[in-house]
Amino acid sequence: MEAQKVDLFIMTNGKFFESHHLQAIRDRLLEMDDSKWGMVQTLQFKDPTICLIISLLGGSLGIDRFFIGDTGLGIGKLLTCGGFGIWAIIDWFLIMGAAREKNMEKLRQII
Amino acid sequence: MSSALSRNKLYLLLLFTCSLGWIWIYYNFAYNIGNYSTDINTCIIKQATGVPCPSCGTTRSIVSFLSGSIKDGLYSNPLGLIVLIIIMVSPVWVVFDFLFKKKSLYIFYGKVEMFFRIKLVAIIAIILVIANWIWNIQKGL
């Protein structure tokens, strides 16, 4: 794929991934076939900032975990009042990273 | 597998939460038989707003179940039954999987996750949880 397209993708979607992922994504996209560009371009990612807001507001109901697709952990959090309140607070700090990992997983399925 | 959790990570997390849960239940069981006191309140929502959350009363429910009064347990919070089953079954299952080097619980966990992703199931579950929440507020847990 052209470097210009790849850089455009990295610029618009960089905030959805961990910084250490970006180089790998760039390398992978550069050697990828041009026909997949449409698919990559239309992928929907979870915004880590939105996840943090949800975590702050509905963290003790597990809504943040449901939102990023960790249904099992979400149920666990819901049933334990946000893990006695401790897990909910820990997740305020972990949820952005978890969301970025989920986005990476989603992208990996395509590229 | 939809989940990013690895098998060992999930099992460790389960064992850790279950042991915490059992310690918490033992503490409540030993000190509050008969007259439950709400000195220690672990729920952030209840402390911040004074309104109980959907799973408030789960400890009371489990303590009631363990002391044999199923009716009280269901009245306190029906979710207590689910939590009790989970914390009773999952440690045994984890140990079984470790001993026989299987991942049956991990596979089951993935299946449960997929089950709750079905839209109809999710909607029904959400309605039930909200109904339980309203009931909790009415009961004034």
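Computed from a prediction, not measured in an experiment: that's the story for all the values here.

Participant: Can you tell me about the packing of helix 2 (residues 19–30) of chain A against helix 8 (residues 86–110) of chain A, naming the residues and giving the values?
Facilitator: Residue and element names in this part refer to chain A. The interhelical angle for the contact between helix 2 and helix 8, taken along N-to-C directions, is 10°, at an axis separation of 11 Å. What the angle tells us is that helix 2 and helix 8 run roughly parallel. Residues H20, H21 and I25 of helix 2 lie in contact with helix 8, whose contacting residues are E101, M104, L107 and R108. Looking at the contact of helix 2 with helix 8 residue by residue, the classes come out as 3 nonpolar, 2 polar and 2 charged.

Participant: Could you give an account of the packing of helix 4 (residues 48–58) of chain A against helix 8 of chain A, with specific residues and numbers?
Facilitator: All names here are of chain A. It is at 9 Å that the axes of helix 4 and helix 8 come closest, and there the two elements cross at 150°. As far as their axial angle goes, helix 8 and helix 4 are roughly antiparallel. Viewed along their axes, helix 4 and helix 8 form a crossing whose handedness is right-handed. On helix 8, the residues touching P48, T49, C51, L52, S55 and L56 of helix 4 are D91, W92, I95, M96, A99 and R100.

Participant: Describe the confidence of the model for chain A, naming the residues involved and giving the relevant values.
Facilitator: Put simply, chain A has an average pLDDT of 88, and 100% of its residues get 70 or more. Considering each helix and strand of chain A separately, the mean pLDDT is smallest for helix 7 (residues 81–84) of chain A, with a value of 80, and largest for helix 4 of chain A, with 92.

Participant: Now, about the interface of chain A and chain B: what can you tell me, with residues and values included?
Facilitator: Reports often express the size of an interface as the amount of accessible area lost when the parts come together. The interface of chain A with chain B comprises 18 residues on the first partner and 25 residues on the second. Between chain A and chain B the total buried area reaches about 1,700 Å² when both faces are included, carbon and sulfur atoms providing 73% of it. A per-residue breakdown of the area chain A buries against chain B is headed by L79, C81 and F84 of chain A, which together make up 36% of the total. In this structure, the connection of chain A to chain B is made through 0 salt bridges.

Participant: Give a detailed account of the pattern of salt bridges, specifying residues and quantitative values.
Facilitator: In this structure the tally under the stated criterion is 8 salt bridges over all chains. Counted as one network, the salt bridges with shared partners bring together D64, R65, D70, K77, D91 and K102 of chain A.

Participant: Describe the nonpolar core, listing the residues and the values that go with them.
Facilitator: All names here are of chain A. Among the nonpolar cores identified, the biggest contains 17 residues, and F9, F17, I25, L29, V40 and L107 are the most heavily contacted of them. Elements represented by at least two residues in this core include exactly helix 1 (3–13), helix 2, helix 3 (37–42) and helix 8. In contact with F17, not counting residues within four places along its chain, are F9, L22, I25, F45, R100, N103, M104 and L107.

Participant: If you had to explain a nonpolar patch on the surface to someone new, which residues and values would you point to?
Facilitator: All names here are of chain B. There is a patch of nonpolar side chains on the surface, built from W22, L66, I70, L74, L81, I85, M88 and V89 and spanning about 670 Å² of accessible area. Secondary-structure elements contributing two or more residues to the nonpolar patch are helix 4 (70–76) and helix 5 (79–100). With 4 residues, helix 5 is the single largest residue contributor to the nonpolar patch. Topologically, V89 is positioned in helix 5.

Conventions we followed
Residues numbered from 1 in each chain as written. Chains lettered and ligands numbered in written order. Predicted model: local features only at pLDDT ≥ 70, side-chain atom pairs only at ≥ 80, totals over all residues. Heavy atoms only, no water. Axes fitted to C-alpha atoms, helices over the stretch in contact; angles between N-to-C directions. Helix = DSSP H or I, 4+ residues; strand = E, 2+ residues; numbered from the N terminus. Parallel < 35°, antiparallel > 145°, perpendicular 65-115°, else oblique. Contact = heavy atoms within 4.5 Å. Nonpolar A, V, L, I, M, F, W, Y, C, P; charged D, E, K, R; others polar. Left-handed = near helix turned anticlockwise from the far one by under 90°. pLDDT = per-residue confidence, 0-100. Buried area = accessible area lost by both parts, 1.4 Å probe. Salt bridge = Lys/Arg side-chain N within 4 Å of Asp/Glu carboxyl O. Core = buried A, V, L, I, M, F, W, Y, C linked by side-chain atoms within 4.5 Å. Buried < 20%, exposed > 50% of the residue type's maximum accessible area, 1.4 Å probe, protein only. Patch = residues over 30% accessible without salt bridge, like charges linked within 9 Å, V, L, I, M, F, W, Y side chains within 5 Å. Areas by Shrake-Rupley, 256 points an atom, 1.4 Å probe, with all protein chains shown as cover.

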